[in-house]
Every structure is written in C-alpha cells, then in structure tokens.
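Residues per chain, in single letters:
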Amino acid sequence: MGTTQSGILGGRLPLKEYEANFSDLHPPLDKHEALVASDRCYFCHDAPCMTACPTSIDIPMFIRQIATGNPIGSAKTIFDQNILGGMCARVCPTETLCEQACVRNTAEERPVEIGRLQRYATDIAMKENKQFYARSASTGRKVAVVGAGPAGLACAHRLAVKGHDVVIYDAREKSGGLNEYGIAAYKSVDDFAQKEVDYVLSIGGIEVRHGQALGRDFSLADLTEQYDAVFLGLGLTGVNALRIEGENAEGVEDAVDFIAALRQSKTKADIPVGRRVVVLGGGMTAIDAAVQAKLLGAEEVTICYRRGKEHMNASEFEQDLAASKGVTIRHWLQPKRIALKDGKVAGIELEYTTLDNGKLTTTGETGIIAADQIFKAIGQTFEASGLGALQMEGGRIVIDAEGRTSLASVWAGGDCVLGGEDLTVSAVAMGRDAAESIDKAFAAAQPLASAVA
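Source: prediction; values computed, not measured.

Basis of the calculations
- Residues numbered from 1 in each chain as written.
- Predicted model: local features only at pLDDT ≥ 70, side-chain atom pairs only at ≥ 80, totals over all residues.
- Heavy atoms only, no water.
- Salt bridge = Lys/Arg side-chain N within 4 Å of Asp/Glu carboxyl O.
- Helix = DSSP H or I, 4+ residues; strand = E, 2+ residues; numbered from the N terminus.
- Buried < 20%, exposed > 50% of the residue type's maximum accessible area, 1.4 Å probe, protein only.
- Pairing = 2+ DSSP bridges.
- Right-handed = clockwise from strand over helix to strand, strands pointing away.
- Axes fitted to C-alpha atoms, helices over the stretch in contact; angles between N-to-C directions.
- Contact = heavy atoms within 4.5 Å.
- Phe/Tyr/Trp six-rings, centres within 6.5 Å; stacked < 30°, edge-to-face > 60°.
- UniProt positions renumbered as here; feature names shortened; annotations may be inferred.

Colleague: Would you mind going over the pattern of salt bridges with me for this structure?
Modeller: Side chains bearing opposite charge may pair, as long as their charged atoms lie close to each other. Applying the stated criterion to the full structure yields 22 salt bridges. Between Lys162 and Glu436 there is a salt bridge; the shortest N-O distance is 3.2 Å. In this pair, Lys162 sits in the loop between α10 (150-161) and β2 (165-170) while Glu436 sits in helix α17 (residues 424-444), placing the two residues 274 residues apart along the sequence. With a closest N to O distance of 3.7 Å, Arg276 and Glu300 form a salt bridge. Of this pair, Arg276 sits in strand β7 (residues 276-280) while Glu300 is found in strand β8 (residues 300-304), placing the two residues 24 residues apart along the sequence. Residue classification places Glu300 among the partly exposed positions, given a relative accessible area of 41%. The network of salt bridges with shared partners includes Asp24, Arg90, Arg119 and Asp123.

Structure follows, in structure tokens:
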C-alpha cells in the first residue's frame, strides 16, 4: 500500500491506473457535439474573441465553417493565422483569452467552446493530411532559425511558404520545444507534439539539425556570416534559484525537468515521485507539476505560493483543476529553509507573508510542511551565450514591433525576448510576424543573382 512507502519511488500505482490518470484532459468533440457547440456562436461582426487571440484567428469564420459542415475549410482559416493551431487548441489558456472575451458569458456565464472546436477542425485536417500551402519558387535566400519550439517552427513554416530555404538548429534531440518538453502529459496525448512538427515540416524547404546549441556548437556571428537572416526562438532554459539552505539536497528538483521526463516517458510508472510533495510557485508550471505528482500516486501534494490566490499566474480553471485532483494550494507562504534528515529532504520551513503598502514582506511567523520531494517552479530565466553584441534588457533580447533585434539581419521572438508572454500562442504569433518582416526585408533589398536567373 502507498501508506507504507517512503522516499521517492516509481511504480506507486497499477499500470492501468497510470493510463487512466494521464488520458486526454479534454476528450475531442465528435461531429454532433461540434455542430451543437458551433451553433451557440453569435458570429459577432466585431468579435471580441478575435481581439483576445494573440494570433488573431478569425474565430467566427472558422466556427461558421464547422456549423456548415466544412471542417477542412475551418482548419485552413485557423492555420492561415496559426500553423500550430492544433497544439494551441489543447494548451492555450482559452479561459483567459478568447473564451473569456466571448459574449455568451454575459447572458449564460458559459462561453462558446472555442478551444475544443479549434481542435475538432485541426484534428480532422491533420488526420487527412490536408496540406493547404505550397512553397513558392525558391528565392535563393537562406535563413537560420535557432530553436525548434513554437516561435521557431511558425517562423520557419512561413518563410518556407515564401520560398526561402530554412535551417533550424535545436539543442535537444526532438523538435517542438515547450510543446514537446514543457506541457503536462494529460494535455497532449498520443505523441501529438511530434505529429504536429511533422505536419509543419512537410511543407518542405526546412532542414532541422538537432543537438546543436548556440554558444557551444556555433555563435550568432557564425550564422550571420552564413545566412541572409537569422531568427532566434530560444525559449527559456534556466530556472530561478530559491537561494535558501538545503536547496541542493537530494529530493529538491526543478519542476520543468520533472515535466519533461513525464512527457518523454511511455508508461509513467518509471517516473519516481515522493509520498509527500511540495511545489513552490504560482504559475502553470507549478500546477502541471503538482497535478502530475498526484496522478503518479503521491499521497499529499501541496502548492505553496508567496502571494494570494488572485495574484497567481495560473488561471482559475487551472487552480480548480488542481484542487479537483486533490492538490492543496496554500497562499502567503514563502520558503525559508529545507529541512533535511540524513542528507535528504524531510520537509520545508516556510514564512508567512503579507502585503504592506503594496510591498511583500514576512510576518515573522513560520511553519513546517513534511515532504520528501520538493519541486521548484518559481520562474525560468533566459540563458544563452554566443549572442555577441546583441542588445539585451532585463535578461531578454530587445526587439521592435516586427521582431527586429539591434543587429541588422537578426530577428527574435517567443519567451527569449523582452515582453515575451510565456504562451505557445504568443510565440507562434511572434515567429509568424518575424517571418513576414524578414520576407519584406528581402523584397526591399537587391534581388540575388541566382534568384533573378
């Protein structure tokens, strides 16, 4: 029984229980359900849902196409703006974006299920391998994209459509970035992230080189010498430190590494989890780590956040999801010291916090929560070398409205830039728009002799 187990162990549950626990969070709509859901849309002329979508998908249009029995046309409407629309339909916090803006909320307090309808259309198109785009004639231009995550893939696809040749460099073994390594396993099942990568790359003209890290295997200067333009879609690779006693003890782990291991595991039984788990943080990563620890068989899972419920970056839906899975969320607590026994985690001492004239401060009260495993989910940092003289601010790359950096032939987008929103859909929008800017810059420059010939 689980109550007799101690320490951090794998295989806490029967195999069939893992399968059930990590099944699809939101099962796909069938045809009838999709027609009923689409019938609730008012097809607003000045649709607020469109304004709330970072990629500006024509949401009334794609829903009307579903309602009239044209899911393939609907998928094209989506992909025209967001080539990663399939994954975004699964992982977007629609409850704080398009669905929050839906006018149905006013009358019925229940929005049109935009995310599930988007998945319905894009899934059909991908299953039928409907390719809506063909490459233009080769322009002879070559572009390097660093990072095969949402921003990099969106940029590469749009550039390939324009006829430019693209080489993507990525440090990991697989493409997909956050979609492959950073999303809770129950939000994207059946290896969907890789299926989407294959779908995007099938446009042609895009080469992917894995195991290639900026600053280790090449520098930005190397790329600017070899390519006509460079797009940096690096994402965030560093994790903020707790800076408290015991942080490096056995049993203290980064939540992002835990989530990545889960995403790559086939059975989930091989992922060890503690009996009592504490997650530090208040964002989506904290929720994903906590919920999945519970699904792996942890008996007690507690999220500790240093501010109040209303300050959490995780949406109310995500917070409610965690609570429904048995996760306890405690607010106004910040870590002070990790308690150890025989060099391993035994618990965590926390300080109570409060806001004093808008500034977070401690009250002097402390408490201890017993734990054998602690996950850090207090934010990620941008860590990169080999960028040369690229202008940075606040540890991120500075860009203009089109994604241009301080270097003439270099663009950037996604989480690595100043103002990045840590959302797949926002990264896609920035990658797509940077590709348009790059193409425009090429058109304004003198044509290549090879392209003219």
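Still more ground to cover, so stick around.
Colleague: Looking at this structure, how should I read the pairing of β2?
Modeller: Looking along a regular strand, one sees the side chains alternate between the two faces of the sheet. The buried fraction of β2 is high, at five of six residues. In terms of strand pairing, strand β1 (residues 142-146) meets β2 through five bridges, oriented parallel. Bridge pairing in β2 links Val143 to Val166. For the handedness criterion, the β-α-β arrangement of β1, α10 and β2 is classed as right-handed. Bridge count between β2 and strand β3 (residues 206-210): five bridges; the pairing is parallel. Across the sheet, the residue bridging to Val167 is Glu207, located in β3.

Colleague: Is there a simple way to think about the pairing of strand β12 (residues 359-370) in this case?
Modeller: Note: strand β11 (residues 344-356) against β12, nine bridges, orientation antiparallel. Of the residues in β12, the one forming a bridge with Glu349 is Ile368. Between β11 and β12, which pair antiparallel in sequence order, lie two residues; one of them, Asn357, sits at a positive phi of approximately 55°.

Colleague: Looking at this model, I keep getting lost on the sheet that holds β3. Mind explaining?
Modeller: Paired through backbone hydrogen bonds, the strands of a sheet run either parallel or antiparallel to each other. Pairing is parallel in the open sheet, where five strands are placed in the order β3-β2-β1-β4-β17. A strand with exactly one partner marks an edge of an open sheet, and here the two such strands are β3 and β17 (410-412). This sheet shows a mean twist of 20° between the axes of neighbouring strands, independent of strand direction. In this sheet, strand β4 (residues 229-232) lies alongside β1 in parallel orientation, the contact comprising four bridges. Looking at the pairing, Val145 lines up with Phe231 of β4. On the sheet, α10 packs against β1, β2, β3 and β4 and is oriented at approximately 165° with respect to β2.

Colleague: I'm lost on the environment of Met284 in this one. Help?
Modeller: Looking at the element boundaries, Met284 is found in helix α15 (residues 284-295). Between the C-alpha atoms of Met284 and Glu318, which are 34 residues apart in sequence, the distance is 7.4 Å. Once residues within four sequence positions are removed from consideration, Met284 is found in contact with Lys187, Ala314, Ser315 and Glu318.

Colleague: Looking at this model, I keep getting lost on the packing of aromatic side chains. Mind explaining?
Modeller: Applying the stated criterion across every chain, the model contains six aromatic pairs. Judged by centre distance (6.2 Å) and plane angle (70°), the rings of Phe132 and Tyr133 are edge-to-face. Their ring planes at 90° and their centres at 6.3 Å tell us that Tyr169 and Tyr227 sit as a pair that is edge-to-face. Placement of the pair is Tyr169 in strand β2 and Tyr227 in the loop between α13 (220-226) and β4, with a sequence separation of 58 residues. Each member of the pair, Tyr169 as well as Tyr227, carries the same accessibility label: buried.

Colleague: Help me out: how do you make sense of the UniProt feature "domain: Dihydroprymidine dehydrogenase" (unreviewed entry) in the protein in this one?
Modeller: When the UniProt feature table is mapped onto this chain numbering, "domain: Dihydroprymidine dehydrogenase" (unreviewed entry) sits at residues 20-129. Taken end to end, residues 20-129 is 59% helix and 0% strand, and its first and last C-alpha atoms sit 29 Å apart.

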